[in-house]
Amino acid sequence: MSEAFRTRDGGRIDRTRPRSFRFDGVGYQGLAGDTLASALLANGVHLVGRSFKYHRPRGVVAAGSDEPNALVGVWRDEASYAPNLRATQVELYEGLRAESQNRSPSLRFDRGAMAGLLAPFLPAGFYYKTFLWPRRAWARFWEPRIRAMAGLGRAPTLPDRDRYAQTYAHCDVLVVGGGPAGIAAALAAAAGHARVILCDEQAELGGSLLAETEATIDGMAAQAWLAEALARLAREPRVRVLPRTTGFGYFAHNFVGLAERLTDHLAEPDPQAPRERLWQVRAREVVLATGALERPLVFPENDRPGIMLADAARTYLRRYGVKPGSRAVVATAHDGAYRAALDLHRAGVAVAAVADLRPDPEGPLVEAARAAGIAIRPATAIAGTKGRLRVRSARLVRIGAEGEAGGGASAGETVGCDLLLMSGGFTPSVHLFSQSRGQLAFDPVSAAFLPARPAERCRSAGACRGTFGLAAALIEGYAAGEAASAAAGRGGAPGLGFAVTGAIDTRGGTLGATPHGRDAARVKAFVDFQNDVTAKDVKLAVREGFRSIEHIKRYTTTGMATDQGKSSNMNALAIAAVALGRPLPEVGLTTFRMPYTPVSFGAFAGFARGELFDPLRRTPIDPWAEAAGAVFEEVGQWRRARYFPREGEDMHQAVGREVRAVRQGVGIFDGSTLGKIEVVGPDAAEFLNRMYVNAWSKLAPGRCRYGVMLREDGFVMDDGVVGRMAPDRFHVTTTTGGAARVLATMEDYLQTEWADLDVWLTSTSEQWAVIALQGPRAREVLAPLVAGADIGREAFPHMSVRACRVAGVEARLFRVSFSGELGFEVNVPADYGRAVWEAILRAGRGFGITPYGTETMHVLRAEKGYIIVGQETDGTATPDDVGLSGLIGRTKKDFVGARSLRRAAMAAPDRKQLVGLLTEDPREVLQEGAQIVANPQTPAPVPMLGHVTSAYHSPTLERSIALAMVRGGRARIGEVLFVPMPGRVVKVSLCDPVFFDREGVRLDG
Amino acid sequence: MQRFSALSLFRQGLSGHRGWRAQWRSPEPKAAYDALIIGAGGHGLGTAYYLAREHGMRNIAVLDRGWLGGGNTGRNTTIIRSNYLFDESAALYDHAVKLWEGLSQTLNYNVMFSPRGVLMLAHTVHDVQVFQRHIHANRLNGVDNEWLSAEEAKAYCPPIEIGRHLRYPVIGAALQRRGGTARHDAVAWGFARAADAMGVDIIENCAVTAIHRDAAGAVTGVETTRGTIRAPKVGVVAAGHTSVVMAMAGLRMPLESYPLQALVSEPVKPVFPCVVMSNTIHAYISQSDKGELVIGAGTDAYTSYSQRGGLHISSHTLEAICELFPMFRRMRMLRNWGGIVDVTPDRSPIIAKTSVPGLYVNSGWGTGGFKATPGSAHVFAWTMAKDEPHRINAPFTIERFRDGLLIDEAAAAAVAH
């Protein structure tokens, strides 16, 4: 198709670079510099979408991010499908493919439009009043149908391959908005040598200047001035200019989120390049120059394709060289729209009439229009329009002295047109200012909410502050930039005046519904185009008792569409205020929420995907384990070897072999993931006394002890062996998963409660590799490798620690056991971990040394009745519950959780206590998490006595074993209870939790 | 009360909907009531409804400093489930689910309760142990909750990525089929309309500034920005601001208030059939009837009364969503907001009498109060009317923090509420 509506010259498109594209499968041609919307309009295509609720045909209304109707899906392939993009923001590239949304089978013939026929019965909130019976019909029948009708585009179905970047930045002055005020602010701040970031959501900076063809600034054509100003900013090393970058969120302490779009406008983007970048900017000073948005007029049938905002039409004409129609009617309440009428007229578009709501329009623009022969109808409103897929005519009615339109359907004048421009005036964009918690105040002169009291170090300039007119915006912007630069501690720039000619002022306008003389309960005068909210819906909400503007919004859904009310909120508010009979400022605005315009999930997620989503932590011995064919499991961020299967072994067989090796010979285990904290200082022992239930003062250097720490509520938080290396130095270990939490808790207490204690805490979890050597022959393997310490039975008893050398490496050697066997834990600097591991393996070869994993470690400790925090305990177990009350230092006055342990319920006899369970059938391994009851025949709710915490096949006992927490369990030992499983019941007898070597003689081997 | 039905909608449609009347009045506060409820959220309005309906207390008022339903009722992600571990919690939340199942019909207001299933993903061996414990306990308590393999979870919710290549692969899931979502605003409005119809005064824009007590310490009424209101019983249901209100009666609550954020995407056609929660990677998601993906996660780390959270929290949430559902990376955040949640030390609520005669409190719902709305309101109304707790809320006292009878779902569940 040819571009029948392209002007012969002018505009910022590149007429030498045609771009072909497809919309709904039809091929068209546009030009480089077009948006999808301008290119479609150049081809005479106005019908681009269907509305949310009634599926009404809709066309392009706006020219920017405020577009409510022209939402499209754009894709290169399925993995890059992006729904709900505004055609007014989609930059055209060669081969672009886009489709309309929310229609079936086609945009022109949409089954969903049936909803429009039922519209009289589907007012705001209709779904709250019906679909009540039968009871299950809502979820089964109605809801799926309503869901299918709702939604707009479709979600992509394949994983997005694109990358997203994130960056942090600081600056002296952040300027949001690159129109005349923002550019002037950046120029001033740059002149003051401030570090400046200037961002704008559009592809080109310039804002309103991009469509300005008549004004001059300092003697230059406005667009020439713009080019020079941008060139000057580009030369400034301290200025960063970010086009296609939306300031979307304004957080506390001048923290501003910017979303930069990097590749969506390219025909062949580099697949390695990020698609978007999220900037998180901390600015000393912020200048908001976010401009203003034109308001639609709320008249009956104001939503047909071909009805658009007057300034948008001007933008299409001047910036894109597109005539948005051939015969126009202009409806306005202020002078600004006359400029659009004149521009269209000069470009050869017939302007059939200007319907001005004001009784006596006057001023230079009005005169110019009159002089150009344009018919001006004062005190005239639009009472309705006709045309199914494109506006065909508008009916103009006179407004009487009382502000009421002449009644009767026949009254008025029908004017044929294929373009209806409307302008209710401009609404300052105060979104970011309000997000920052700045207070707005209603300005009756401009009939707008304007920034009043900022909450952050920010200034508003230009139209977003209600300052209209090019000269005023430039001067105000420059002054704001200068003041911001000075406030940021940089130089102020000399004040600058701007000599402007030919610009016009666009203040004034109207708010709310315009008179039409028809039955207000019947006509559809749209307030929120996308969500199909009409003036009568807003009035209905008020009639139904919704008095707060937040209620009206939620009940009608006005302002909740993807444009978040950019074009609709002020009109809805004005209609509500009239219906409520209250002054508009008293009714107030709904809260502005981030983001200003929608931002991709991917931009928020940034680099965090796959391996970078959360670091996978590997021990120094991990590569060896991988080479040895280990099966791994995830524990927190760590991966740990679970078992080391030999050829043909399953987990059961491998674990059986590993357990027997430890019980009969010697096993080697990578314990490097254990949390480690070095606690140092004159008050280290006192600090540990307070953190742990145990007493530490009398622990001699060279000895270690199993410690338990509680939360303030008295429940077990973590455990681990603590070794005293010197009077003022402890080597603390924690559980793998608890390492960070324990350190944070310790720091919290140290810094906030006991700042008087002289203690330093250092995480050493990743500094030490830990190699556990367990089994009756462990000493024989290790002894030849140890230098600088006697590890003999008497010299180095159970629960000792020595600094020495192992395999030639500086080490901390612990004699501890989590298996019940003679055991050592060799701590060496992580870099030597693998070398020492392999040295021990070599030394153990003659002893049949066997590497084992976490599963075997679990079985070994369960046979011994040792608890695992987080498995036997769940945050509701006291030390006594798990049989550890003996650890509590008897002479200690206080420790974290001590007070809570004294509460009545903590000593109740029916608390859950740790016991062992034996099933009747020795082959039956219980399910961890299964519940224990006294009588399985009871109907629900069945009283539960406890639950299975650990269950394994014990190779040592050659039968199944389990640990459990059971109410009053210790007193029940010997009793038979039941574990009900779906469809069957398992009989269990309660026993002591220590299944093997109850006397502990093997520890002392 | 003007009945709502397809027929009434049709009739009104014929006359341009001119005949609809206000769903609730906007009365001036009277000088005295039999009982006052501070906080016109779902729990407070529901309490008034059940006081009027089940206990015949109709000379009562609900006060709110803002607009009704404007706190956490209107800010949450609307997830409903009852698969809690402990008997006390299961009883409370399942009581609520049973009321949810008939709430639209009871209130003659479509609250859009949609039992589309709540799927909780297990990513680690530890998750599996915890979920199995829940499933067994739930079954014995008569609460539905079942284990699904990763493949079964994907069949139930096709967008879930279950590949082994993921950083945290899905290795199974717990599914409560009776769980789901409801329309949050409709819950507040439905309760407000039904309570109002029975004579309850709902007084908006009326902030309580003091709680009056007599010489014996008993409650006699409140001072408000709209004058003094006398009442022998006052129930505080003020969510994130409970501590502030209770301090007016000299009571210090075991509560901390945190911002909790949520967000929605732009609306799309149906793509997500149920609710999915993952505690290990911190996010939950469902799709609203309008088509928006509704997403939330945990609270911000610091206490605050400011109804907004940090950017890094929403980023972290979306990292998790994109990891689980990589096809949603190109979806866009439409709106993000925050509320203030009141959190108890054991993450279970307080629904109880207090040491001040005539003063009752319903608070501490943390991040999960919406799901309990009708159940909470129902037992709290009982407690206020009879001056003694209902069997179901008897364990949820303030004194449990003194005595140690905690109901620690957070510690036990390892699942975000």
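Residues numbered from 1 in each chain as written. Chains lettered and ligands numbered in written order. Predicted model: local features only at pLDDT ≥ 70, side-chain atom pairs only at ≥ 80, totals over all residues. Heavy atoms only, no water.

## Considerations on the environment of T467 of chain A
All names here are of chain A.
- Mapped onto the elements, T467 comes out in the loop between β28 (458-460) and α10 (470-487).
- Taking the C-alpha atoms as reference points, T467 and A292, separated by 175 residues in sequence, lie 9.7 Å from one another.
- Those residues in contact with T467 that sit more than four places away from it in its chain are G462, A472, A473 and E476.
- Here E476 takes part through its side chain, which lies 2.8 Å from a polar atom of the side chain of T467. (Helix = DSSP H or I, 4+ residues; strand = E, 2+ residues; numbered from the N terminus. Contact = heavy atoms within 4.5 Å. Polar contact = N/O pair within 3.5 Å; in protein donor to acceptor, adjacent residues only side chain to side chain.)

## Focus on the packing of aromatic side chains
- By the definition in use, this model includes 44 aromatic pairs over all chains.
- Both rings, one in F4 of chain B and one in Y109 of chain B, keep their centres 5.8 Å apart while their planes meet at 55°; by these two values the pair is tilted. Of this pair, F4 of chain B sits in the segment before α1 (6-14) while Y109 of chain B sits in the loop between α3 (87-107) and β4 (118-122); the two residues are 105 residues apart in sequence, bridging distant segments of the chain.
- By relative accessible area, F4 of chain B is classed as buried at 4%.
- Relative accessible area serves as the criterion here: at 0%, Y109 of chain B is assigned to the buried category.
- Their ring planes at 85° and their centres at 5.1 Å tell us that F272 of chain B and F325 of chain B sit as a pair that is edge-to-face. Note that F272 of chain B is positioned in the loop between β13 (256-265) and β14 (275-278) and F325 of chain B in the loop between α8 (311-324) and β17 (332-343), a separation of 53 residues in sequence.
- Under the relative-accessibility criterion, F272 of chain B is labelled buried at 2%.
- The exposure class assigned to F325 of chain B is buried, which follows from its relative accessible area of 0%.
- The ring of W754 of chain A has R690 of chain A sitting right over it, with the charged end atom 5.3 Å from the ring centre. (Phe/Tyr/Trp six-rings, centres within 6.5 Å; stacked < 30°, edge-to-face > 60°. Buried < 20%, exposed > 50% of the residue type's maximum accessible area, 1.4 Å probe, protein only. Lys NZ or Arg CZ within 6 Å of the ring centre and 35° of its normal.)

## Some thoughts on the domain arrangement of chain A
Residue and element names in this part refer to chain A.
- As far as domains go, chain A holds domain 1 (14-121), domain 2 (164-292 + 428-493), domain 3 (296-424 + 510-518), domain 4 (525-581) and domain 5 (908-1004).
- Computed from C-alpha coordinates alone, the two centres of domain 1 and domain 4 are separated by 26 Å.
- Each side of the interface is counted separately: domain 1 has 14 residues, and domain 4 has nine residues.
- Interface of domain 1 and domain 4: buried area, both sides summed, is about 1000 Å²; carbon and sulfur atoms make up 53% of it.
- On inspection of domain 1 and its partner domain 4, the count reaches one salt bridge.
- A salt bridge links R58 to D532; the shortest N-O distance between them is 2.7 Å. (Domains from an automatic or database assignment. Buried area = accessible area lost by both parts, 1.4 Å probe. Salt bridge = Lys/Arg side-chain N within 4 Å of Asp/Glu carboxyl O.)

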